[in-house]
Amino acid sequence: MGLLSSLGLTSPSPEEKRASEVRSGAVAPTRAERQRCWDARDAFFACLDAHGIVDAIKEDKKAASACKGENARFESDCAAQWVTYFKKWRVQDIQKKAKLKELEAQGANKMEVHTDFTPRG
């Protein structure tokens, strides 16, 4: 949103209004909007990986300074609830993979487990 529209001096454009509705959860995102969100999520997570940050919620200041642009895009392209969900999912997924690796090292039988968003087919 622009400065004038945030001050109530002009109305937001239809694109700004739609983006705000998607972010707030007032409307369901289209396929293209979901893809844009997922792309922003993947870029943000890649940046976190590059800087050794696991938990973007607990380490929010570090994540914000290291991945400022990626975080801004992630938060603007995704519904707020999705942002929170994906950040929590990331931590749980990393913990799960570490536990599986630990169990494997102890001699546990390996099972095929997919814990990412990569399409299968």
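The name recorded for the protein chain in an unreviewed UniProt entry is Cytochrome c oxidase subunit 6B-like protein new16, from Humicola insolens.

(A) Looking closely at the pattern of salt bridges. Tallied over the entire structure, the rule returns nine salt bridges. One salt bridge in this structure joins D49 and R90, with 2.8 Å as the shortest N-O distance. Here D49 is found in helix α3 (residues 31–50), whereas its partner R90 is found in helix α6 (residues 80–105), with 41 residues between them in sequence. Across the salt bridge formed by E75 and K87, the nearest N and O atoms sit 3.3 Å from each other.

(B) Molecular detail of the confidence of the model for the protein chain. With 91% of its residues at a pLDDT of 70 or more, the protein chain has an overall mean of 87. Confidence, expressed as mean pLDDT per element, reaches its minimum in the protein chain at helix α1 (residues 3–6) with 56 and its maximum at α3 with 95.

(C) Seen up close, helix α5 (residues 68–77). Turning to α5, its buried residues number three or more, namely N71, F74 and D77. Axial view of α5: buried residues confined to an arc of 145 degrees, hence all on one face. Contact partners of the buried residues in α5: α3 and α6.

(D) The arrangement of the environment of N71 in detail. Relative to the helices and strands, N71 is located in helix α5. Using a relative accessible area of 14% as the deciding quantity, one classes N71 as buried. Here the alpha-carbon distance between N71 and A43, two residues 28 residues apart in the chain, equals 8.7 Å. The residues contacting N71, other than those within four sequence positions of it, are F44 and K87.

(E) Representation of the packing of α3 against α5 in the model. The N-to-C vectors of α3 and α5 enclose an angle of 155 degrees; their axes lie 8 Å apart at closest approach. With respect to their mutual orientation, α3 and α5 come out roughly antiparallel. Judged by the sense of rotation from one axis to the other, the crossing of α3 with α5 is left-handed. For the pair α3 and α5, contact is made by E33, R36, C37, D39, A40, R41, A43, F44 and C47 and by E70, N71, R73, F74 and D77, respectively. The class makeup of the residues in the contact of α3 with α5 is six nonpolar, one polar and seven charged.

Here is what the cut-offs are and how they apply
Residues numbered from 1 in each chain as written. Predicted model: local features only at pLDDT ≥ 70, side-chain atom pairs only at ≥ 80, totals over all residues. Heavy atoms only, no water. Salt bridge = Lys/Arg side-chain N within 4 Å of Asp/Glu carboxyl O. Helix = DSSP H or I, 4+ residues; strand = E, 2+ residues; numbered from the N terminus. pLDDT = per-residue confidence, 0-100. Buried < 20%, exposed > 50% of the residue type's maximum accessible area, 1.4 Å probe, protein only. Arc of directions from axis to C-beta. Contact = heavy atoms within 4.5 Å. Axes fitted to C-alpha atoms, helices over the stretch in contact; angles between N-to-C directions. Parallel < 35°, antiparallel > 145°, perpendicular 65-115°, else oblique. Left-handed = near helix turned anticlockwise from the far one by under 90°. Nonpolar A, V, L, I, M, F, W, Y, C, P; charged D, E, K, R; others polar.

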